[in-house]
Amino acid sequence: VNYLLSLGHKVSETPVSFKETIVPNSYGAEYEKYLSLQTKSGFSLSDYKGNSVQIYEYEDDLNNRITLIVADGKIIGGHICSAEVNEIKPLQIKG
């Protein structure tokens, strides 16, 4: 939560959802697009292929859904689902 607050996103302490998943070992075209989005946010999921990760989803004050991907207590990825349009955006400073 502190990370999101440092980017200017007002979120509550409690995520609206949580799940565990595995980062795929191989990527299709859609996942390659998602990896490109992660790179724009300064993240790389490539080092975590085949590893278990936790996915936390928060809602900000603009009703956007903000997802954080965490492995071993470290944020390794994330994105924003815009409430205005059906679009996934890079996780970045709000502005």
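So, here's what we can say about the structure. (Residues numbered from 1 in each chain as written. Predicted model: local features only at pLDDT ≥ 70, side-chain atom pairs only at ≥ 80, totals over all residues. Heavy atoms only, no water.)

### Considerations on the side chain of Ser 41
Then comes step 1: Tracing the chain through its elements places Ser 41 in the loop between α2 (29-40) and β2 (52-59).
Then comes step 2: One polar contact links the side chain of Ser 41 to the main-chain amide nitrogen of Leu 91, over a distance of 2.8 Å.
Then comes step 3: Not counting chain neighbours up to four residues away, the residues in contact with Ser 41 comprise Gly 78, Pro 90 and Leu 91. (Helix = DSSP H or I, 4+ residues; strand = E, 2+ residues; numbered from the N terminus. Polar contact = N/O pair within 3.5 Å; in protein donor to acceptor, adjacent residues only side chain to side chain. Contact = heavy atoms within 4.5 Å.)

### Regarding α2
Then comes step 1: With 12 residues, α2 extends 17 Å from end C-alpha to end C-alpha; this agrees with the ideal 16 Å at 1.5 Å per step.
Then comes step 2: Looking at the buried residues of α2, the elements they touch are β3 (65-71), β4 (74-81) and β5 (88-90).
Then comes step 3: With its phi angle positive at about 85 degrees, Gly 42 sits one or two positions after the end of α2. (Expected span 1.5 Å × (residues − 1).)

### Observations concerning the pairing of β3
Two faces belong to every sheet, and in a regular strand the side chains alternate between them.
Then comes step 1: Judged by how many residues are buried, β3 sits mostly within the fold: 6 of 7 residues are covered.
Then comes step 2: The pairing of β2 with β3 spans 6 bridges and is antiparallel. Bridging from a neighbouring strand, Glu 57 pairs with Thr 67 of β3.
Then comes step 3: Adjacent in sequence and paired antiparallel, β2 and β3 are bridged by 5 residues, among which Asn 63 carries a positive phi angle near 70 degrees.
Then comes step 4: As paired elements, β3 and β4 share 7 bridges and run antiparallel to each other. Bridged to Arg 65 within β4 is Cys 81.
Then comes step 5: Turn length for the β3-β4 hairpin, with the two strands adjacent in sequence and antiparallel, is 2 residues, and the turn residue Asp 72 shows positive phi of about 50 degrees. (Buried < 20%, exposed > 50% of the residue type's maximum accessible area, 1.4 Å probe, protein only. Pairing = 2+ DSSP bridges.)

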